[in-house]
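Working through the structure, step by step
The primary structure of each chain is shown beneath.
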Number of protein chains: 2
Amino acid sequence: MKLDNKPVTSDIRKHLPGECQIVASILSRIGDKWTVLTIMLLVAGPKRFNELKRMIGGISQRMLALTLRGLERDGVVTRTVTPTVPPRVDYELTELGHSLRVPIEALGNWTFSNVPAVLEAREKFDKQQKGKV
Amino acid sequence: MKLDNKPVTSDIRKHLPGECQIVASILSRIGDKWTVLTIMLLVAGPKRFNELKRMIGGISQRMLALTLRGLERDGVVTRTVTPTVPPRVDYELTELGHSLRVPIEALGNWTFSNVPAVLEAREKFDKQQKGKV
DNA sequence: CTGTATCCCAGTCGATACTG
DNA sequence: CAGTATCGACTGGGATACAG
C-alpha cells in the first residue's frame, strides 16, 4: 500500500482495491460507539482520563482506554503523562484530530437535523412490517 | 452523556438527552461495515440485489440483505419489487439518502486524503509499543 | 432472482479485580 | 489516578440450506 504524493482526487469512489481496507478501518473507527463523542469532547480542549469518563457517562474504564489508545495509534490524539503522585494523563487532539472535526460535525449535523425524518421512516416501516405478519 | 455544560462548538452538542440514543443509532449505522460502500454505489443510480452483491464483492447474501433492510427502515433507500418471473428488486436512494451523500463524502474524502498520515501514525505507534515490551 | 432460517465461530464489550 | 488482566455474556457476520 503506497499512495505517497499522488494527486489524490476528492472522489472516494476512485480508491484502489488495496486502499479499501484502510479506508474501511478508519471509517469503522468513526462509527465506533464512543469515538465521535470522545472527539467532540476533546475539541473543547485537553482532558484527563477520569474527566472524560465522567463526561461520557455510560462508558466503562476498559472501553475508554481502548478508544483512546485507538485514537492515539491513528495519530488523532496525543497522550501526555505527568509523572506526579497521583499520576496525571492528559489527552489532546492533534492537528489531524482537529481536522477530523469538520467532517465529523458535518455528519453529526446531518444526523441531528434528520432525526425526525428517520424516526418517521422507522415508525412507518415498523408499522408496515407488523401488518405483514 | 452530558455534552451540555460547555460553551462549545456546533449543533451536534445541542441535542436533548433523549435524542442522544437516536443520534448514536444513526451514527452506528454509518459506521457499519457495509453501509457507506452500499450508499456510494447507489449514488450512481438504482441497483438490483445481485448487482450490488457483485459490485461489493466481499459481502455475504445475509449481510447485504440486512444492510439494505436497515437502510430501507431508516428511509434512506426504497425497495421496489417487480413481480415477474424471476422476481426483480430494485434498490434506490431516497431524497434523504441522497442528502446523506454530502456528509458521507466529506468523511470519505477526509479519510482518503489522510490515509498516509494515519498509516504513518500507526506505524510509529506500533514501533514504540514494540520497543516497550 | 431474491430472499429467510440455522448453525457456529471470532471478536466485542461490560464487570470486576488487581497494579504502579 | 490511570490503567491492565481476566472472564463471561452477547453479537456480528460467514457458510449453508431452504423457500417464494
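All figures in this text were calculated on a predicted structure; none of them were measured in a lab.

A closer look at the overall build of chain A
When you go through chain A residue by residue, the secondary structure sums to five helices and three strands. Along chain A, helices (α) and strands (β) appear in the sequence α-α-β-α-α-β-β-α when read from the amino end. Of all intrachain contacts in chain A linking residues separated by at least 6 positions in sequence, the fraction that spans at least 24 positions is 42%.

Overview of the relation of the copies chain A and chain B
When chain A is brought onto chain B, the operation consists of a screw motion whose angular component is 180 degrees and whose axial shift is 0.0 Å, with 0.1 Å RMSD remaining. What the rotation and shift describe, once combined, is the action of a two-fold rotation axis. Across chain A, the rotation axis passes nearest the C-alpha of G31 of chain A, at a separation of 1.7 Å. Most of the interface of chain A is mirrored in chain B, where 88% of its interface residues again form contacts.

Some remarks on the protein's contact with DNA strand D
Neighbouring DNA strand D are 18 residues, the closest being Q61, R79 and Y91 of chain A together with R62 and M63 of chain B. At the protein interface, 61% of the atoms of DNA strand D within 4 Å belong to sugar or phosphate. At 2.3 Å from a base nitrogen of DNA strand D is found a side-chain nitrogen or oxygen belonging to Q61 of chain A. At 2.5 Å from a phosphate oxygen of DNA strand D is found a side-chain nitrogen or oxygen belonging to R79 of chain A. Of all the elements in the fold, those that place two or more residues in the surface near DNA strand D are α3 (49-56), α4 (61-73) and β3 (88-93) of chain A together with α4 (61-73) of chain B. Looking at the surface near DNA strand D residue by residue, the classes come out as eight nonpolar, four polar and six charged.

With respect to α4 of chain A
Every α-helix carries 3.6 residues per turn, so stepping three or four residues along brings you back to the same face. For α4 of chain A, which comprises 13 residues, the first-to-last C-alpha distance of 18 Å matches the rise-based estimate of 18 Å (1.5 Å per residue) to within 8%. Phi for G75 of chain A, located one or two positions after α4 of chain A, is positive at around 75 degrees.

Observations concerning the protein's contact with DNA strand C
Taken together, 19 residues form the shell around DNA strand C, and within it R62 and M63 of chain A together with Q61, R79 and Y91 of chain B come nearest. Sugar and phosphate atoms represent 62% of those atoms of DNA strand C found within 4 Å of the protein. Between DNA strand C and N50 of chain B there is a distance of 3.0 Å, counted from a phosphate oxygen to a backbone nitrogen or oxygen. One of the side-chain nitrogen or oxygen atoms of Y91 of chain B is found 2.5 Å away from a phosphate oxygen of DNA strand C. Listing elements by their share of the surface near DNA strand C, those giving two or more residues are α4 of chain A together with α3 (49-56), α4 and β3 (88-93) of chain B. For the surface near DNA strand C, the element with the highest residue contribution is α4 of chain B, accounting for four residues. Considering only residue class, the surface near DNA strand C consists of nine nonpolar, four polar and six charged.

Considering the sheet that holds β3 of chain A
Sheets are built from strands that pair by backbone hydrogen bonding, the pairs being arranged parallel or antiparallel. Residues and elements named next belong to chain A. An order of β1-β3-β2 is seen for the three strands of this open sheet, with the pairing classed as antiparallel. The sheet is open, and its two borders are formed by β1 (47-48) and β2 (77-82), each paired with just one other strand. With respect to the sheet, helix α2 (residues 35-43) is in contact with β1, β2 and β3, its orientation differing from that of β3 by roughly 95 degrees.

So, how was this worked out
- Residues numbered from 1 in each chain as written.
- Chains lettered and ligands numbered in written order.
- Predicted model: local features only at pLDDT ≥ 70, side-chain atom pairs only at ≥ 80, totals over all residues.
- Heavy atoms only, no water.
- Helix = DSSP H or I, 4+ residues; strand = E, 2+ residues; numbered from the N terminus.
- Contact = heavy atoms within 4.5 Å.
- Least-squares fit on C-alpha atoms with pLDDT ≥ 70 in both.
- Near = heavy atom within 4 Å.
- Polar contact = N/O pair within 3.5 Å; in protein donor to acceptor, adjacent residues only side chain to side chain.
- Nonpolar A, V, L, I, M, F, W, Y, C, P; charged D, E, K, R; others polar.
- Expected span 1.5 Å × (residues − 1).
- Pairing = 2+ DSSP bridges.
- Axes fitted to C-alpha atoms, helices over the stretch in contact; angles between N-to-C directions.

Functional significance is not addressed by these values, which are geometric in nature.
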